[in-house]
Amino acid sequence: MSRFEPNSFRQHFPVINNQQDQKLVYFDNGATTQKPNAVIESVSQYYQCINANVHRASHQLSAKSTLAFEKAREQVKQLINANDIKEVIWTKGTTESINLVCQSYGDSYLSAGDDIVLTYAEHHANIVPWQLLAKRVGATIKLIPLDKDGYADINCLDEVITENCKLVACTHVSNVLGKKNPIEAVIAKAKSVGAVTLIDGAQAIAHFTVDVQALDCDFYVFSAHKLYGPTGVGVLYGKRALLEKMTPYQSGGEMIKTVSFNDETTFNSLPFKFEAGTPNIAGVIAFASALEFLQPYLPSGKQSFSAYEKQLTKYCYDKLVAIDTLDMLFNSVPDIGVISFTVQGHHNHDISTALDSYGIAVRAGHHCAMPLMEYLGVSGCIRVSLSPYNSFDEVDYFIYILKSILSPAVDNTASAKQSAANN
Ligand code: PMP
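Note that this is a predicted model, so its numbers are computed, not measured.

So, how was this worked out
Residues numbered from 1 in each chain as written. Predicted model: local features only at pLDDT ≥ 70, side-chain atom pairs only at ≥ 80, totals over all residues. Heavy atoms only, no water. Near = heavy atom within 4 Å. Polar contact = N/O pair within 3.5 Å; in protein donor to acceptor, adjacent residues only side chain to side chain. Areas by Shrake-Rupley, 256 points an atom, 1.4 Å probe, with all protein chains shown as cover. Nonpolar A, V, L, I, M, F, W, Y, C, P; charged D, E, K, R; others polar. Helix = DSSP H or I, 4+ residues; strand = E, 2+ residues; numbered from the N terminus. Buried < 20%, exposed > 50% of the residue type's maximum accessible area, 1.4 Å probe, protein only. Contact = heavy atoms within 4.5 Å. Pairing = 2+ DSSP bridges. Axes fitted to C-alpha atoms, helices over the stretch in contact; angles between N-to-C directions. Expected span 1.5 Å × (residues − 1). Parallel < 35°, antiparallel > 145°, perpendicular 65-115°, else oblique. Left-handed = near helix turned anticlockwise from the far one by under 90°. pLDDT = per-residue confidence, 0-100. Salt bridge = Lys/Arg side-chain N within 4 Å of Asp/Glu carboxyl O. Phe/Tyr/Trp six-rings, centres within 6.5 Å; stacked < 30°, edge-to-face > 60°. Lys NZ or Arg CZ within 6 Å of the ring centre and 35° of its normal.

## As for the site of the ligand
- Surveying the vicinity of the ligand reveals 13 residues, the closest of which are T95, D200, Q203, S223 and K226.
- The side chain of Q203 places a nitrogen or oxygen atom 2.7 Å from an oxygen atom of the ligand.
- Within the side chain of S223, a nitrogen or oxygen atom sits 2.7 Å from an oxygen atom of the ligand.
- Coverage of the ligand by the protein chains reaches 85% of its 390 Å² of free accessible surface.
- Counted by class, the shell around the ligand contains two nonpolar, nine polar and two charged residues.

## Some remarks on the side chain of H367
- Checked against the element boundaries, H367 lands in the loop between β14 (363–365) and α14 (370–376).
- What makes H367 buried here is its relative accessible area of 2%.
- Those residues within four positions of H367 in sequence are excluded, and the remaining contacts are H123, N175, V176, C381, I382 and R383.

## So, the sheet that holds strand β8 (residues 234–238)
- An order of β2-β8-β7-β6-β5-β3-β4 is seen for the seven strands of this open sheet, with the pairing classed as mixed. In this open sheet, the two strands that pair with only one neighbour each are β2 (88–91) and β4 (140–144). Ignoring which end each strand starts from, the neighbouring axes of this sheet average 20 degrees apart.
- Where strand β3 (residues 115–119) lies against strand β5 (residues 165–171), three bridges are found, and the strand directions are parallel. Along β5, the bridge assignment pairs I116 with L167.
- On top of the sheet, helix α5 (residues 94–109) reaches β2, β5, β6 (196–200), β7 (219–223) and β8; it is set at about 150 degrees to β7, its chief contact.
- Across the face of the sheet, helix α8 (residues 183–192) comes into contact with β4, β5 and β6 while running at roughly 170 degrees to β5.

## Concerning the environment of A224
- Its location among the elements puts A224 in the loop between β7 and β8.
- Through-space distance from the C-alpha of A224 to that of K92 is 9.0 Å; in sequence the pair is 132 residues apart.
- In this view, A224 contacts G229, P230, V233, G234 and F287; residues no more than four positions away in its chain are not counted.

## Focus: the pairing of strand β12 (residues 338–343)
- Of all six residues in β12, six are buried, a share of seventy percent or more.
- Alternating residues of β12 divide into V338, S340 and T342 and I339, F341 and V343, and every residue in both groups is buried.
- Examined bridge by bridge, strand β11 (residues 326–328) and β12 share three bridges and lie antiparallel to one another. The residue bridging L326 from the neighbouring strand is V343, located in β12.
- In this sheet, strand β15 (residues 381–385) lies alongside β12 in antiparallel orientation, the contact comprising four bridges. When the bridges of β15 are listed, I339 appears paired with V384.

## With respect to helix α11 (residues 281–294)
- Between its first and last C-alpha, α11 extends 20 Å over 14 residues, near the 20 Å set by a 1.5 Å rise per residue.
- Of all 14 residues that make up α11, 13 are buried, and the element is covered over most of its length.

## A few points about the environment of E159
- By secondary structure assignment, the location of E159 is in helix α7 (residues 157–160).
- Placed 15 residues apart in sequence, E159 and I144 show a C-alpha to C-alpha distance of 8.9 Å.

## Let's talk about the packing of α5 against helix α6 (residues 128–137)
- Their axes nearest at 10 Å, the elements α5 and α6 cross at an angle of 20 degrees. When the interaxial angle is binned, α5 and α6 end up roughly parallel. Seen along the crossing, α5 lies across α6 with a hand that is right-handed. For the pair α5 and α6, the contacting residues are I98, N99, V101, C102, Q103, G106 and D107 in the first and P129, W130, L133, R136 and V137 in the second.
- For the contact of α5 with α6, the class distribution of residues is seven nonpolar, three polar and two charged.

## Overview of the sheet that holds β11
- The strand order across the open sheet built from four strands is β11-β12-β15-β14, with neighbouring strands paired in antiparallel fashion. Of all strands in the sheet, those bounded by a partner on one side alone are β11 and β14. Ignoring strand direction, the axes of neighbouring strands in this sheet form an average angle of 30 degrees.
- This element, helix α15 (residues 392–406), spans β11, β12 and β15 of the sheet and lies at about 10 degrees to β12.

## Considerations on the confidence of the model for the protein chain
- For the protein chain, mean pLDDT is 95; residues scoring 70 or higher make up 96% of the total.
- When the criterion is pLDDT under 50, residues 410–416 qualifies, and its contacts beyond four places in sequence or with other chains add up to seven contacts.
- Predicted complex metrics record ipTM = 0.99 and pTM = 0.95.

## Regarding the pattern of salt bridges
- Within this structure, the stated rule accounts for 17 salt bridges.
- Among the charged side chains, a network of salt bridges with common partners joins K191, D216, D218 and K239.

## Some remarks on the packing of aromatic side chains
- If you walk through the whole model with that rule in mind, you get 24 aromatic pairs.
- Ring geometry for F9 against Y297: centres 4.7 Å apart, planes inclined by 70 degrees, an arrangement best described as edge-to-face. Here the residue F9 occupies a position in helix α1 (residues 6–10), and Y297 occupies one in the loop between α11 and α12 (306–321), the gap between them amounting to 288 residues. Both residues of the pair, F9 and Y297, count as buried.
- Of the aromatic side chains, those joined through ring pairs into one cluster are F4, F9, F13, Y228, F293, Y297, F305, Y308, Y315, Y389 and F392.
- Directly above the ring of F208 sits K180, whose terminal nitrogen or CZ lies 4.4 Å from the centroid.
- Cation over ring: K245 sits above Y109, and NZ or CZ is 4.3 Å from the ring centre.

Shown next, in the form of structure tokens:
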């Protein structure tokens, strides 16, 4: 096992290193991660060398692009330890993966009187599709409360997940709290009442080893862009038996076996049944390049960034806690580098805008989790989200600038800004 070298890892990310006017401290990785050269080059390489539609033509170029496209599916299968390559469906992202399950599974298998169980810490992408489904079929949404540290409270599972429950959709890691939910217990409880489970892995996939067979969840969803891959590519993992019995989501080319005006149209086999139309071929292939690039750095890799991420998160969290005018949403170190807080006497957006003027990119607002904000009694918060390409020096700079914004006593002049920026 060789040591993770944050500086050499960072060199692969041109956006971070190429800013001309001002140093960029990118602390918005929960929204999307920056892309390594390997991904950027892969997109351009695809269009320069093998651009052709997949699965259709008999010519060599199409064979090449199909091979690369399907190899990417195999890499995702390995990443999440799916049992069968047919269980890996390409989508546009986490949001589309959830909508697919909602419409293809939910509309057929849920009905009036059924419960859909979520937690209070879900992203809107894992709330609104279920609300719409509940309305369509007459189901009820029930919610798992959070415990004192911000995790789905396992002591409430028996109360919320009852015989009426037909589906549990739970985030693996909250995009606001950075807490890794006890999904094993949630899945086990759901199974005990015969409910299907969907795990939103959007925030987990870049930080933890995900083994869908060990988890034994029915569906697991995530987006490539949170894992250093391109935007517009997502994954739906589903157990084959379930996917087989689901109706198609969108329809058109690619997802059919036969189309006729005389006989009934028949559908393609998995995974193509759920992949109507021309997919994001370049994006999928570039995602495979992201996975190849990341291989040594992932939690299972030889130069894993996990320990470094943990240290950096704790370092940043401890520094923030020490500022007495900040209120953390929960008083314990998050499981990934996602740290959220409010500032007494200041609007969240004022703070994030002030930080931005020093080149520090954080996010302020409700973070697509309005029910969580309501649950916690805040209108919004500031979220710092770290990646292993971030450094301890960047955290120091951020804390220094944050303190200077909060305290007029600290020198906040243009020259101080400049010297801080050069720090
Ligand atoms: N779930 C969680 C927990 C997320 O953090 C996000 C993205 N912020 C999503 C779902 C939606 O992902 P996407 O926008 O890539 O579809």
